[in-house]
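# A closer look at the structure
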Amino acid sequence: FRLLNELVSVKYWALKYAQAGFPVLPLHQGSKIPSTPSGWKDASLNSKIIDAWYDNHPNWGVGLVVPKNMVILDVDGDEGMNSLRAFDYNVPTTLTCISGGKGYHFYYSLPDGLTLDKRRINLIKKVDLIVNGYVCAPPSIHPSGKPYIWQSDFNPDHIVEAPQWIIDI
């Protein structure tokens, strides 16, 4: 799957994400910064808009807006994983992106009717909860120069419900 992430165009992935219901936004090449005037608020599911973005800039990265019924657990590498272990927070297997910075984005759904509206940055050392915003997605290039990749195949059906400790927070 890592090879597939690198061989298929960014435009292909952006359209695939939009078809799966994730609003997409273009990111400057090798950056986490949106390429649109209003940032993540310009994200789109419209294939014609996405085509235009990536036809004109095929090397731009791709960001995914976090849907209201989801939360992304953003863990910065081993240090973040150790912080989670220190609090005995479990991290159930789910759709996972490995960032070029050696971190992880764990995608979790929220129980029906529950939405979160506040991001939790540095919830604990090197761990963020991302809502109301976006995350970088494969095959974007991290500022470190390394690609974001899916840990296994991109399949939104593999997204599991957030562990109770996330909901409690």
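Figured I'd write up the structure that's included with this text. Note that the structure is a prediction, hence the values are computed from the model and not measured.

### Observations concerning the pairing of strand β1 (residues 24-27)
Residues Val24 and Pro26 line one face of β1 and the alternating positions Leu25 and Leu27 line the opposite face, and both faces are buried. Pairing of β1 with strand β2 (residues 61-65) involves four bridges; the strand directions are antiparallel. If you follow valine 24 over to β2, its bridge partner there is leucine 64.

### A short note on the pattern of salt bridges
Inspection of every chain in the model, using the stated rule, returns three salt bridges. One salt bridge connects lysine 11 with aspartate 51, and the closest N-O pair in it is separated by 3.4 Å. Note that lysine 11 is positioned in helix α2 (residues 10-19) and aspartate 51 in helix α3 (residues 47-56), a separation of 40 residues in sequence. Judged by its relative accessible area of 24%, lysine 11 falls in the partly exposed class.

### Observations regarding the packing of α2 against α3
Running from N to C, α2 and α3 cross one another at 160 degrees; their axes reach a closest spacing of 10 Å. Regarding the angle of α2 to α3, the classification is roughly antiparallel. The hand of the α2/α3 crossing is right-handed. Judged by residue contacts, Val10, Lys11, Ala14, Leu15 and Ala18 of α2 engage Ser47, Ile50, Asp51, Tyr54 and Asp55 from α3. The residue makeup of the contact of α2 with α3, split by class, is six nonpolar, one polar and three charged.

### Section: α3
Along α3, the residues classified as buried are Ile50, Trp53 and Tyr54. For α3, the buried positions fall inside an angular range of 80 degrees around the axis, keeping them on one side. α3 presents Lys48 and Asn56 as exposed residues on the side facing more than 90 degrees away from its buried surface. Where the residues of α3 are buried, they touch α2, β1 and β2. The N-cap of α3, judged by a side-chain oxygen 2.8 Å from the amide nitrogen of lysine 48 a few residues on, is asparagine 46.

### A word on α2
Turning to α2, its buried residues are Val10, Trp13, Ala14, Leu15, Tyr17 and Ala18. Glycine 21 sits one or two positions beyond α2 and adopts a positive phi of about 95 degrees.

### Let's talk about the nonpolar core
Formed by 32 residues in total, the largest nonpolar core has its most connected members in Tyr17, Val24, Tyr54 and Tyr107. For this core, the secondary-structure elements that each account for two or more residues are α2, β1, α3, β2, β3 (70-75) and β8 (134-137). It is α2 that provides the largest number of residues to this core, a total of six residues. Contacts of tyrosine 107, omitting those with residues within four sequence positions, involve Phe22, Leu64, Met70, Val71, Ile72, Thr94, Leu95, Cys97, Val135, Trp150, Ile159 and Val160. Formed by 15 residues, the second largest nonpolar core is a distinct cluster that contains Leu73, Met81, Val127 and Ile166.

Criteria and thresholds
Residues numbered from 1 in each chain as written. Predicted model: local features only at pLDDT ≥ 70, side-chain atom pairs only at ≥ 80, totals over all residues. Heavy atoms only, no water. Buried < 20%, exposed > 50% of the residue type's maximum accessible area, 1.4 Å probe, protein only. Helix = DSSP H or I, 4+ residues; strand = E, 2+ residues; numbered from the N terminus. Pairing = 2+ DSSP bridges. Salt bridge = Lys/Arg side-chain N within 4 Å of Asp/Glu carboxyl O. Axes fitted to C-alpha atoms, helices over the stretch in contact; angles between N-to-C directions. Parallel < 35°, antiparallel > 145°, perpendicular 65-115°, else oblique. Left-handed = near helix turned anticlockwise from the far one by under 90°. Contact = heavy atoms within 4.5 Å. Nonpolar A, V, L, I, M, F, W, Y, C, P; charged D, E, K, R; others polar. Arc of directions from axis to C-beta. Polar contact = N/O pair within 3.5 Å; in protein donor to acceptor, adjacent residues only side chain to side chain. Core = buried A, V, L, I, M, F, W, Y, C linked by side-chain atoms within 4.5 Å.

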